Amino acid sequence: MSTREASGAEDPIIQNFAQLVAPMAAGEKPIEQWRIGTEHEKLVYKRDDFHAPSYDEAGGIRDILLSLREFGWEPIEENGKVIAMKGDDGTVSLEPAGQLELSGAPLENLHQTCAETGRHLKQVKQIGDKLGVSFIGLGMWPDKIREELPVMPKGRYAIMMDHMPKVGDLGLDMMLRTCTIQVNLDYSSEADMVQKFRTSLALQPLATALFANSPFTEGKPNGFLSYRSHIWSDTDPHRTGMLPFVFEDGFGYERWAEYMLDVPMYFVYRDGTYINAAGLSFRDFLEGKLEVLPGEKPSAADWWDHLSTAFPEVRLKSFLEMRGADGGPWSRICALPAFWVGLLYDQSALDAAWDLVKSWSMEEREALRNAVPAQALDASIPGGGRLRDLAKEVLDIARSGLTSRARLNEAGDNETGFLETLDEIVESGKVPAQRLLDRYHGEWDGDVSRVYKYSF
Ligand SMILES: Nc1ncnc2c1ncn2[C@@H]1O[C@H](COP(=O)(O)OP(=O)(O)OP(=O)(O)O)[C@@H](O)[C@H]1O
Ligand SMILES: N[C@@H](CCC(=O)O)C(=O)O
Ligand SMILES: N[C@@H](CS)C(=O)O
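Residues numbered from 1 in each chain as written. Chains lettered and ligands numbered in written order. Predicted model: local features only at pLDDT ≥ 70, side-chain atom pairs only at ≥ 80, totals over all residues. Heavy atoms only, no water.

Here we come to the overall build of the chain. Each helix and strand counted, the chain has 16 helices and 13 strands in total. Its C-alpha atoms give the chain a radius of gyration of 21 Å, within 12% of the compact-globule value 23 Å for 456 residues. Over its C-alpha atoms, taken along the principal directions, the chain stretches across nearly 65 × 55 × 45 Å. Split by element, the accessible area of the chain, about 17100 Å² in all, is 49% carbon and sulfur. Taken as two groups, the 48 positive and 71 negative side-chain charges of the chain have centres that lie 3 Å from each other. (Helix = DSSP H or I, 4+ residues; strand = E, 2+ residues; numbered from the N terminus. Rg over C-alpha atoms; globule rule 2.2 N^0.38 Å. Areas by Shrake-Rupley, 256 points an atom, 1.4 Å probe, with all protein chains shown as cover. Lys, Arg positive; Asp, Glu negative; His and termini not counted. Charge placed at Lys NZ, Arg CZ, Asp CG, Glu CD.)

Here we come to the site of ligand 3. With respect to spatial proximity, the complete set of residues near ligand 3 consists of Met-1, Glu-95, Pro-96, Arg-156, Tyr-157, Met-160, Met-174 and Phe-311. For ligand 3, a nitrogen atom lies 2.8 Å from a polar atom in the side chain of Glu-95. One of the side-chain nitrogen or oxygen atoms of Tyr-157 is found 2.6 Å away from an oxygen atom of ligand 3. Burial of ligand 3 by the protein amounts to 93% of the accessible area it has alone, namely 250 Å². Of all the elements, helix H4 (residues 155-167) adds the most residues to the shell around ligand 3, at 3 residues. (Near = heavy atom within 4 Å. Polar contact = N/O pair within 3.5 Å; in protein donor to acceptor, adjacent residues only side chain to side chain.)

Turning our attention to the state of the cysteines. Summed over the entire model, instances satisfying the criterion amount to 1 disulfide. The disulfide partner of Cys-114 is Cys-334, and the S-S distance across this bridge is 2.0 Å. Residues Cys-114 and Cys-334 are joined by a disulfide whose S-S torsion is about 80°; by sign, that bridge is right-handed. Taken together, the positions of Cys-114 in helix H3 (residues 110-131) and Cys-334 in helix H11 (residues 330-344) put the pair 220 residues apart, joining distant regions of the chain. Taken as a pair, Cys-114 and Cys-334 share a single burial class, namely buried. No disulfide involves Cys-179; its nearest neighbouring cysteine sulfur is the one of Cys-334, lying 17 Å away. (Disulfide = S-S within 2.5 Å. Buried < 20%, exposed > 50% of the residue type's maximum accessible area, 1.4 Å probe, protein only.)

Attention shifts here to the side chain of Gln-99. Considering the arrangement of structural elements, one finds Gln-99 in the loop between strand S4 (90-94) and strand S5 (100-103). Among the polar contacts made by the side chain of Gln-99, one reaches the main-chain amide nitrogen of Ala-97 at a distance of 2.9 Å. Here Thr-178 takes part through its backbone oxygen, which lies 3.0 Å from a polar atom of the side chain of Gln-99. The contact partners of Gln-99, leaving out residues within four places of it in the chain, are Lys-42, Leu-43, Ser-93, Leu-94, Met-175, Leu-176, Arg-177, Thr-178 and Cys-179. (Contact = heavy atoms within 4.5 Å.)

Moving on, we come to the layout of surface pockets. Taken as a whole, the second largest pocket spans an internal volume of roughly 400 Å³. If you trace the second largest pocket, you find 13 residues lining it, with Ile-31, Glu-32, Glu-108, Arg-405 and Asn-409 closest to the centre. When the residues that make up the lining of the second largest pocket are grouped by side-chain class, the tally is 5 nonpolar, 2 polar and 6 charged. (1 Å grid on protein atoms, 1.4 Å probe; cavity = no way out; pocket = protein on both sides within 12 Å on 5 of 7 lines; lining within 4 Å. Points joined across faces, edges and corners; volume = space filled by probe spheres on them. Nonpolar A, V, L, I, M, F, W, Y, C, P; charged D, E, K, R; others polar.)

We now examine the site of ligand 2. Every residue close to ligand 2 is listed here: Glu-41, Glu-95, Met-174, Thr-178, Cys-179, Thr-180, Gln-182, Arg-228, Trp-232, Phe-311 and Arg-323. Put simply, the parts of the chain that give the shell around ligand 2 at least two residues each are strand S7 (180-185) and helix H7 (227-232). Considering only residue class, the shell around ligand 2 consists of 4 nonpolar, 3 polar and 4 charged.

Moving on: the packing of aromatic side chains. If you walk through the whole model with that rule in mind, you get 22 aromatic pairs. With centroids separated by 6.2 Å and ring planes inclined at 45°, the aromatic side chains of Phe-216 and Trp-444 adopt a geometry described as tilted. With Phe-216 in strand S8 (residues 216-217) and Trp-444 in the segment after helix H16 (432-441), the pair connects residues that are 228 residues apart, well separated along the chain. You'll find Phe-216 and Trp-444 in the same group, each marked buried. Here the aromatic residues Phe-197, Phe-245, Phe-251, Trp-256 and Tyr-259 are joined through ring pairs into a cluster of three or more. The residue whose ring lies beneath Arg-239 is Tyr-266, and the NZ or CZ to ring-centre distance is 3.9 Å. Taking the ring centre of Phe-247 as reference, the NZ or CZ of Arg-365 above it sits at 3.4 Å. (Phe/Tyr/Trp six-rings, centres within 6.5 Å; stacked < 30°, edge-to-face > 60°. Lys NZ or Arg CZ within 6 Å of the ring centre and 35° of its normal.)

Given below as structure tokens:
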């Protein structure tokens, strides 16, 4: 999650609509400056009894964060408590129940991304050896009930946790029990952003299927392959989903700003404190009529904060964030950015991917998104056939995209190897969750705790 470091009071006050559009427009970059920013969350558990450590306990989440100092990371505090660490490889931060996230640095290529991930995993493993904790890449806690999970001391999350039950049934599970892998990618112009947004939104269910890794709830199969993705469908309809308007004529930065104005607020950050504005309207804030801050108008920093409170399948800020995938092991943390970079960072690949999905209707995109949590690659696709057939075609396009990047790159680096783990999934016909279920019904003899041997 984005970690707030300073108050936005000194930022310019928003006076006009152009200032709302500015962050999205400012994201435009020439292709040489396109970067890859990968985020991944991991579940943290104590090795002796598999419990999720609290923030304060000995060898708990605070100690894990502070131990990163030995690798050069520096604390970021909120109300006198360390809640994140900053370093050359980006930010290590906390999701609501202590899921540990690396928001990696914006990097030039996938070799760097995968090396960054490897460094991070090595560091936390060394810390884990000292503190008796392990880290595992799954889409969701396989066994814990909500009440067993700790809550991290972060103002943003106190507000969100209070609000979630009012707007959906599974929002608290989204916060406390899930983990994801995400990648942030750039665009060169508004038209480029639109093509990338539409293509990646339509294909986001494919990423959900290929990375599906959350088949267990409270120790038993839950009937889904990505229960995490199902959770998002019952979290908060005002800030999630497949965004039909992205496919409408005229979509661009302005329409995105209008959408974000309609996303109910969570908070305003002032002088180190999160002021609860959950459910209130940013449009009222613009008029100085926010009931929790009467007479005050938002700054550019308030708007930037607000942009981070929408959670659709793909999200725009100053870059596009791919949000469909479950958490997973190192190989898939490298594969997720490879998949999207291959599809979106080469124009021929992007055109070919768009050709595959451009005739899909809104109902068809929604139907696919809704089928994928339970059916993954077996979901039906528009026009007939199964998602597994499309998967092969899309992976071929991603590979061709990565291959042409290699041609452009002076070193001729080939990044296609990072897709291999996805090729194996498609060839075997089994997504990660199906492999876990096979083990559960086979060698694990119904004991979900055996999954913990797959820690990093
Ligand atoms: N120009 C860029 N191109 C690609 N990625 C970028 C660029 N600038 C920043 N990023 C990436 O965006 C990510 C931002 O992550 P951060 O956790 O701070 O925010 P967030 O996306 O709001 O959080 P969350 O996804 O948890 O809600 C980082 O991984 C960073 O590298
Ligand atoms: N843990 C959530 C939240 C991630 C986020 O919004 O960054 C997920 O798996 O999607
Ligand atoms: N990852 C999201 C949802 S919990 C956030 O930090 O806001």
